[in-house]
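Notes for the structure review
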Amino acid sequence: MTIQNEAFCQSYGCLDLNQNLSEGACHESPFQSSKHRSTPNLLALSRSQMERIQIISEFHDGEEVLVSDLKTVVKVYKYPLEKLGILTSTEINNLFYSIEAIIPVFEGLANSLSSEVNKYFSIPCIGMILYLWLGLEVITKPQPDYFNYGRKCYPYPTQNYVQSICESYIEMMPSSIKLLLDYSAHLYEARKYFEALREQKPAFTDFLSRCSHTHFSKRLNLWHFLGNSFL
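Quantities reported herein were computed from a predicted structural model and do not represent experimental measurements.

Points about unusual backbone geometry
Even without a glycine there, the phi angle at Tyr-97 is positive, about 50 degrees. As for its placement among the helices and strands, Tyr-97 is situated in the loop between helix H4 (89-96) and helix H5 (99-117). A relative accessible area of 29% means that Tyr-97 is categorised as partly exposed.

Next up, the structure:
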């Protein structure tokens, strides 16, 4: 085992060379901290496998942070602004749009990743999770009509086939992905509303200033939570 691998294991609290594997350890996640737990399954991994685990773990952590941030926006910003009457219902909708609808979409992905990451004796495999989450199964079935084209009867068969795949996905993509695309497309308008509200509504600016000094805001402004994760 290389020094780099040992350091990586220790950084996750997964390696204690002086401690035997406890009876219940096989039910725990290799990514959970523990000072008295060894993980023999990690000892034989190559450097590339360790890097893969680290990348997948960081991706999983990022999705969980995103879900947490979106929930913070709704609970700490959207609801109080509405309840206190600082913004009208129209202004709330223009600024926050469909944020509550997209939370379950990312939460579902984060939960699926958690189940895979927490498999104790295997390297996480997230390809199928993303494949199903994106709804790619609707476009991976062969379309014989385009396989039969030859250069003599159609000059660009590959281009036509790719175009057909894209059109099929757009037509049949899951409603959850359409929600994300719709929300992302609205962010450009939302940014304009955000800047306009800060200039025209002193109460809104004061509210944001107060929130920026609280622990839940991480000293970041509202736009960080609303749009930076998507742009």
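This is not the end of the story, as more comes after the structure.
Details of the packing of helix H3 (residues 47-83) against helix H10 (residues 202-211)
Contact pair H3 / H10: the axes reach a minimum separation of 12 Å and the direction vectors enclose 150 degrees. Regarding the angle of H3 to H10, the classification is roughly antiparallel. Taken as a pair, H3 and H10 cross one another with a handedness that is right-handed. On the side of H3, the interface is formed by Val-76, Tyr-77, Pro-80 and Leu-81, while H10 contributes Phe-204, Phe-207, Leu-208 and Cys-211.

Some details on the packing of aromatic side chains
All chains considered together, the criterion is met by five aromatic pairs. Geometrically, the ring pair formed by Phe-194 and Phe-204 is edge-to-face, given 6.2 Å between the ring centres and 85 degrees between the ring planes. Pair noted here: Phe-194 is in helix H9 (residues 175-200) and Phe-204 is in helix H10, with a separation of ten residues, a long-range link. For the pair formed by Phe-194 and Phe-204, the shared burial category is buried. Chaining the aromatic ring pairs together yields one cluster made of Tyr-77, Phe-207 and Phe-225.

Looking at the packing of H4 against H9
Two packed helices can be described by the angle between their axes and the distance between those axes. Put simply, H4 and H9 touch, their axes get as near as 7 Å, and they point 130 degrees apart. What the angle tells us is that H4 and H9 run oblique. Every residue of H9 that contacts H4 at Glu-91, Asn-93, Asn-94, Leu-95 and Phe-96 is listed here: Tyr-183, His-186, Ala-190, Tyr-193, Phe-194 and Leu-197. Class assignment of the residues belonging to the contact of H4 with H9 gives a composition of seven nonpolar, three polar and one charged.

Examining H5
Its 19 residues give H5 an end-to-end C-alpha distance of 27 Å, which sits within 8% of 27 Å, the value for a rise of 1.5 Å per residue. Those residues of H5 that sit buried are Ile-99, Ile-102, Ile-103, Val-105, Phe-106, Leu-109, Ala-110, Leu-113, Ser-114, Glu-116 and Val-117.

Things to note about the side chain of Lys-78
Its location among the elements puts Lys-78 in helix H3. A polar contact is formed between the side chain of Lys-78 and the side chain of Glu-100, at a distance of 2.9 Å. Contacts of Lys-78, omitting those with residues within four sequence positions, involve Val-73, Ile-92, Phe-96, Ile-99 and Glu-100.

Thoughts on the environment of Phe-207
The topology assignment puts Phe-207 in helix H10. Residue Phe-207 is classed as buried on the basis of its relative accessible area of 11%. Here the alpha-carbon distance between Phe-207 and Ile-86, two residues 121 residues apart in the chain, equals 8.6 Å. Residue contacts for Phe-207: discarding those within four places in its chain leaves Val-76, Tyr-77, Pro-80, Leu-81, Leu-84 and Ile-86.

What about the pattern of salt bridges?
In the structure shown here, the tally under the stated rule is eight salt bridges. A salt bridge links Glu-91 to Lys-201, with the nearest nitrogen and oxygen atoms 3.3 Å apart. Residue Glu-91 is found in helix H4, and its partner Lys-201 is found in the loop between H9 and H10; the two are separated by 110 residues along the sequence. Relative accessible area serves as the criterion here: at 23%, Lys-201 is assigned to the partly exposed category. Between Asp-206 and Arg-210 there is a salt bridge, with its nearest N and O atoms 2.8 Å apart. Here Arg-210 and Asp-206 lie together in helix H10, a separation of four residues that amounts to about one turn. Three or more residues joined by partner-sharing salt bridges are found here, namely Arg-191, Glu-195 and Arg-198.

Reading guide: rules and limits
- Here the residue numbering is sequential within each chain, running from 1 through the sequence in written order.
- pLDDT decides what is reported in this predicted model: residues at 70 or higher carry local features, side-chain atom pairs at 80 or more are listed and counted, and totals for whole chains, interfaces and linings draw on all residues regardless.
- By convention in this description, side-chain values take in all heavy atoms of the structure and omit both hydrogens and water.
- Put simply, DSSP marks the helices as runs of H or I at least four residues long and the strands as runs of E at least two long, and each gets a number from the N terminus on.
- Whether a residue is buried, partly exposed or exposed follows from its accessible area with a 1.4 Å probe, protein chains only, as a fraction of its type maximum: under 20%, in between, or over 50%, in that order.
- In this analysis an axis means a line fitted to C-alpha atoms, helices contributing only their contacting stretch, and an angle means the value between N-to-C directions, from 0 to 180 degrees.
- Roughly parallel covers angles under 35 degrees, roughly antiparallel covers those over 145, roughly perpendicular covers 65 to 115, and oblique covers all other angles.
- By definition, turning the near helix anticlockwise from the far helix through less than a right angle yields a left-handed crossing, and turning it clockwise yields a right-handed one.
- The contact rule is simple, with two residues in contact once any of their heavy atoms fall within 4.5 Å.
- Aromatic rings from Phe, Tyr and Trp, taking only the six-membered ring of Trp, are treated as a pair when their centres fall within 6.5 Å; an angle between ring planes under 30 degrees marks them as stacked, one over 60 as edge-to-face, and anything in between as tilted.
- Residue classes follow a fixed rule: Ala, Val, Leu, Ile, Met, Phe, Trp, Tyr, Cys and Pro count as nonpolar, while Asp, Glu, Lys and Arg count as charged, and any other residue, Gly among them, counts as polar.
- For a helix, the expected span equals 1.5 Å multiplied by the number of residues minus one.
- Each polar contact in these results corresponds to two N or O atoms within 3.5 Å; when the atoms are within protein, one needs to be able to donate a hydrogen and the other to accept it, and residues that are neighboring in sequence are counted only if both atoms are side-chain atoms.
- Should a side-chain nitrogen of Lys or Arg be within 4 Å of a carboxyl oxygen of Asp or Glu, the pair is scored as a salt bridge.

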